[in-house]
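Each chain, written out:
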Amino acid sequence: MKQGLICRKVTFVRSASAGSTRVVLDNVEARFAPASRTLISGPTGAGKSTLLHLLGGLERPHQGEIRFDGQPISRWIAPHRDRWRQRIGLVFQQLCLVDGLSALENVYLAALPHACGLKHLRRMGLAALERLQMSPLAGQRVEALSGGQRQRVAIARALVHQPQVLLMDEPTAFQDDHGVAEVISLIEAARQRGALVVVCSHDPRLVNDSHWSAHYHLQQAHLTRVADSAACSGIQS
Amino acid sequence: MKAAARHLLWIWAGREVLRRPGESSLLLLCLLLLTLLMTTALMLTQAFSETADALITQAPAVVVRRVTAGGWQPLPAGPALAAAAAVRGVLNPRVRIWGNVSGPQGTLMVVAHDARSPVTDQHGVALHLVPGQAAVGAGVSGADARGGLALEGHESLHLEVVHRFPSETAASTYDLVLVTPADARRLLGLPEGFASDLVLDVFHEPEAEALLPELQGAFPWPVHLTTRRMVRGDYRSQLAKRGGIFVVSGLPALCGLLLILVATVKAVRNERATTGLIKALGWTSDDLLRLYLYKSLLIALPAIVGGIAGAYLLVFLPHNQWVADLFFGWPGPAPPLALSIQGVVWVAAQVAVLILAPFLTVTLWAALGSATADPQQLMQGGRFL
């Protein structure tokens, strides 16, 4: 990874009721450097999740483009964007775990395209859950887990294949302070192995962390850079 | 997806099938029953056709029957043999004594045992019948406790059943009662020197058709000539009528198939949110299509194999009579039918076209809509199943 992710004049419009539309992102410009961790804060409904989904190739912007290492990923055809998503780890705000499957099987879902066999798959899954102290609950069905445990499974799923790009949407919403500290250390570990990490959150415990490489604030469809790493400390959303 | 990891998709597809055991079992059962119903009809038709073809091939090339305005009449054996032998190209002319009589539970075919071509049992031992004795086919029922069989024809006779042809014997022995020529004449009312019909062979089958005009004029009385080709045509037209019945009985099966297909499409569409999630997690459209294909095959293949195996047992299992009774109205055990490997392949191909192909096509068509959409579009408003 050389240049990281770049948003150029990204605009996204969502259909609202009765045929009207709402501009969710308006001319968004941002750069997410390799081996960095970036925080995007903003009020609820500001469009943070939409921005993450655009970065993750889950949908395309209506205007502008998103580039990764100089390649216009948002303009790629579907099969190429399929490949792009294999380089990403994504934590959804709603967690999006599959009921009826165990914690380990939910983690398998993301590891399967990367595994070389059943043993390898199992090893990858258990290692990811172990990092979140969730391996004792690996065989539990996810619907039987608490909110915090479910969120840890979702994070383990995003980390299982050691993605180049880690996109996390409110990853601490169900975590206590100890859990937040663990999530921050995982984010830092991912950054240190060279991953590009983008976290959307309005959790003060994350916002107050002083180790963000960059901090953006999203409000009324506009993304503004708040401060650089050193200045991030003490910023409240 | 790496080639080495492809087999994981099979495992995952199996896990997905087991995640909804009730739905999967029900779908498997529906497909199995559908296959069983359609394959039984197809296999029975094919087996009947092949068995009839085999019997006709072994039958004489031409059958000559004397006819009058009142129907068929016995023919004098000596003059008939002489007239047939005078026609160039006729081989091995011989007369037969046979006809239908009433048995305890329906009409039976009485055939006179010809000592020149002895009948053997399943061990190869020649049967020796004396007047008052009979050898009967598997479909002949109604013998009394002492092994006696009462027959009503021109005369009434009470015969002792000394041999019963096993059910594996050719279908031609199914309702046959083999008796001595003397008993046959008494039952059929044939005077000495007369026969039921005359049969002959030819060098090559096409010659039979060419000989017909000459044969027609060779006898001093009107005759009706039947060649193998004519018999084959009769069988086929009968089978075509049965085929019409199969179509009518197949309509509910087709409706059932349509219902299964509609339910399959709905099930795939209900999984859109999960499909979107899986795609968001790095699965490609190709992976998703494979997953749906493997899931379908894991359900459809056992169902179809089970259905075909069940149909085979229904059609060919000895002593199983209700299927033949249902489709052909045979009252007793079904006559043994034969089906060649080509026939089995033909039936399997028809089942594949009628059931497997529509099922897989509809599944993949429904899955294609999900697999090629953007993940977010699929996940929006969806519920994770």
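(A) Structural context of the overall build of chain B. Regarding its fold elements, chain B presents eleven helices and 13 strands. By the burial criterion, 35% of the 385 residues in chain B qualify as buried. Long-range contacts, defined as pairs at least 24 residues apart, comprise 82% of the intrachain contacts of chain B with a sequence gap of at least 6.

(B) Region of interest: the overall build of chain A. Per the secondary structure count, chain A includes eight helices and ten strands. A compact globule built from 237 residues would reach a C-alpha radius of gyration of about 18 Å, and chain A, at 17 Å, matches this within 12%. Oriented by its inertia axes, the alpha-carbon framework of chain A measures out at about 45 × 45 × 40 Å. Taking all 237 residues of chain A together, the buried fraction comes to 47%. Within chain A, contacts between residues separated by at least 24 positions form 67% of all contacts whose residues are at least 6 apart in sequence.

(C) Helix 8 (residues 285–316) of chain B, seen in detail. The first and last C-alpha atoms of helix 8 of chain B sit 45 Å apart over 32 residues, in line with the 46 Å expected at 1.5 Å per residue. Its axis deflected by about 25° at Leu297 of chain B, helix 8 of chain B carries its strongest bend there.

(D) Representation of the nonpolar core in the model. Membership of the largest hydrophobic core comes to 92 residues, with the highest contact counts inside it found for Val107 and Ala156 of chain A. Here this core gets seven residues from one element, more than from any other, and that element is helix 3 (residues 103–111) of chain A. Excluding residues within four positions of it along the chain, Val107 of chain A makes contact with Gly125, Ala128, Leu129, Val153, Ala156, Arg157 and Val160 of chain A. Residues Val62, Ala135, Leu178 and Leu187 of chain B belong to the second largest nonpolar core, which totals 44 residues.

(E) Fine view of the domain arrangement of chain A. Residues and elements named next belong to chain A. When the domains of chain A are assigned, the result is domain 1 (1–87 + 163–232) and domain 2 (97–162). Taking only C-alpha atoms into account, the centre of domain 1 sits 23 Å from that of domain 2. Those elements giving two or more residues to the side of domain 1 that touches domain 2 turn out to be strand 7 (165–169) and helix 6 (177–192). With three residues, the single largest contributor to the side of domain 1 that touches domain 2 is helix 6. Broken down by class, the residue content of the side of domain 1 that touches domain 2 amounts to eight nonpolar, three polar and no charged.

(F) Quick look at the environment of Gln105 of chain B. With respect to the helices, strands and loops of the structure, Gln105 of chain B is situated in the loop between strand 5 (98–103) and strand 6 (106–112). Sequence separation between Gln105 of chain B and Val202 of chain B is 97 residues, and the spatial gap between their C-alpha atoms is 38 Å.

(G) Expanded view of the interface of chain B and chain A. Facing 24 residues of chain B, the contacting portion of chain A comprises 25 residues. A per-class count over the side of chain B that touches chain A returns 13 nonpolar, seven polar and four charged.

(H) Spatial organisation of the pairing of strand 6 (residues 88–91) of chain A. All names here are of chain A. Where burial is concerned, the two faces of strand 6 agree: the one with Ile88 and Leu90 and the one with Gly89 and Val91 are both buried. In the sheet, strand 6 pairs with strand 7 via four bridges, with the strands oriented parallel. Bridge pairing in strand 7 links Gly89 to Leu166.

(I) Region of interest: helix 5 (residues 205–218) of chain B. All names here are of chain B. With 14 residues, helix 5 extends 20 Å between its outermost C-alpha atoms, agreeing within 8% with the 20 Å of an ideal straight helix rising 1.5 Å per residue. The largest bend in helix 5 is about 45°, located at Leu211, with the proline Pro213 one to four residues further on. Three or more residues of helix 5 are buried, namely Ala208, Leu211 and Leu215.

(J) Geometry of the sheet that holds strand 5 (residues 71–72) of chain A. Residues and elements named next belong to chain A. Read from one edge of the open sheet, four strands run 2-1-4-5, paired in antiparallel fashion. The open sheet is flanked by strand 2 (21–32) and strand 5, the only strands paired with a single partner. Where strand 4 (residues 63–68) and strand 5 come together, two bridges link them in antiparallel fashion. Looking at strand 5, one finds that Phe68 is bridged to Gln71.

(K) Structural view of the pairing of strand 7 of chain A. All names here are of chain A. Where burial is concerned, most of strand 7 is hidden: five out of the five residues are buried. Side chains Val165, Leu167 and Asp169 project from strand 7 onto one buried face, and the interleaved Leu166 and Met168 project onto a second face that is buried too. Direction of pairing for strand 7 relative to strand 8 (residues 196–200): parallel, over a ladder of five bridges. Bridge pairing in strand 8 links Met168 to Val199. Between the parallel elements strand 7 and strand 8, the chain passes through helix 6 in a crossover that is right-handed.

What counts as what
Residues numbered from 1 in each chain as written. Chains lettered and ligands numbered in written order. Predicted model: local features only at pLDDT ≥ 70, side-chain atom pairs only at ≥ 80, totals over all residues. Helix = DSSP H or I, 4+ residues; strand = E, 2+ residues; numbered from the N terminus. Buried ≥ 20, exposed ≤ 12 C-beta atoms within 10 Å, placed from the backbone. Contact = placed C-beta atoms within 7 Å. Rg over C-alpha atoms; globule rule 2.2 N^0.38 Å. Expected span 1.5 Å × (residues − 1). Bend = angle between axes of the 7 residues up to and from the residue. Core = buried A, V, L, I, M, F, W, Y, C linked by C-beta atoms within 7 Å. Domains from an automatic or database assignment. Nonpolar A, V, L, I, M, F, W, Y, C, P; charged D, E, K, R; others polar. Pairing = 2+ DSSP bridges. Right-handed = clockwise from strand over helix to strand, strands pointing away.

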